[in-house]
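Each chain, letter by letter, is given below.
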Amino acid sequence: MSASEPLATTPAAPVSHAHPRFAEALAALGLQVEVRRFPDATRTAAEAAAAIGCSLSEIVKSLVFTADGVPVLVLMDGSSRVDVELVRRELDAQKVKRADADLVRETTGYAIGGVPPFGHATRTRVLADRRLLDHAVVWAAAGTPHTVFPLDPKTLIAHAGATVVDVREPAK
C-alpha cells in the first residue's frame, strides 16, 4: 500500500459506559440499553435519582445479604428498605444479615454502589420486591458507581432470574 492510498476503516463499535462484565451480560442477553455515565458517583439511590431526574422509587438497589451464610441478592426500590425478617422467612433461613463489601465483590464481581441486577461473577439466588413492578421503567447500576441503565421492571426481574416477593420494610 502506498502512502497516498487511503487506509481502510471499519466502523467503530459503540462505546459502552457499562462495566465490561456487565456489557458482556447485556450482549449475551441480546439487550440494548442506554447506559448513562455520570461524572460524579451515584453510589446511593438518592444520588442516582437526582442525577437521572427520576423518583427515588424508580431506582433499583441491588443488595447482597447472606442467608445462613449463603449469598442472596435482593432487588429493592430506592425509596424502601429491606425487611431482613421477611427475607429470612421467604428463604426459610435461620439467620439473614447484610453482606460485607468483600463478599459483595466476591459474589457479584462489582463494588457496592455499582452492583447491577444481573451479570454477576457467580450464580446467586435473587429476590425482587414486588414494588418494583409499580413503575413502567426502573433504573439500575450498570456495574460501576458512575453508570446506570433503564429497563422495564418485568424484563429486569426476568433477566435477573428473580422471584417476586414482598420483602419491603413497612413504612413508619
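Residues numbered from 1 in each chain as written. Predicted model: local features only at pLDDT ≥ 70, side-chain atom pairs only at ≥ 80, totals over all residues. Heavy atoms only, no water.

## Describing the pattern of salt bridges
As enumerated under the stated definition, the model contains six salt bridges in all. In this structure, R88 engages E85 in a salt bridge whose closest nitrogen and oxygen atoms are separated by 2.7 Å. With R88 and E85 both in helix 3 (residues 84-91) and three residues apart, this pair spans about one turn of that helix. Looking at R88, the relative accessible area reads 25%, which means it is partly exposed. The partner of D134 in a salt bridge is R131, and the shortest N-O contact between them spans 3.0 Å. Linked by salt bridges that have partners in common, E85, R88 and R89 make up one network. (Salt bridge = Lys/Arg side-chain N within 4 Å of Asp/Glu carboxyl O. Helix = DSSP H or I, 4+ residues; strand = E, 2+ residues; numbered from the N terminus. Buried < 20%, exposed > 50% of the residue type's maximum accessible area, 1.4 Å probe, protein only.)

## So, the layout of surface pockets
In this structure, the largest pocket encloses a volume near 350 Å³. Taken together, 24 residues form the lining of the largest pocket, with R43, K61, S62, L63 and G113 sitting closest to its centre. If you list the elements that add at least two residues to the lining of the largest pocket, you get helix 2 (45-52), strand 2 (59-67), strand 6 (138-141) and strand 7 (147-151). In terms of residue count, strand 2 provides more of the lining of the largest pocket than any other element does, six residues in total. (1 Å grid on protein atoms, 1.4 Å probe; cavity = no way out; pocket = protein on both sides within 12 Å on 5 of 7 lines; lining within 4 Å. Points joined across faces, edges and corners; volume = space filled by probe spheres on them.)

## Side note on the nonpolar core
In this structure, F22, V60, L75, F118, F149, L156 and A162 are the most contacted members of the largest nonpolar core, which totals 26 residues. Those elements giving two or more residues to this core turn out to be helix 1 (20-29), strand 2, strand 3 (70-77), strand 5 (125-129), strand 6, strand 7 and helix 5 (153-160). The dominant element in this core, judged by the number of residues it contributes, is helix 5, at three residues. If sequence neighbours within four positions are ignored, A162 has contacts with L75, V126, L127, A128 and I157. (Core = buried A, V, L, I, M, F, W, Y, C linked by side-chain atoms within 4.5 Å. Contact = heavy atoms within 4.5 Å.)

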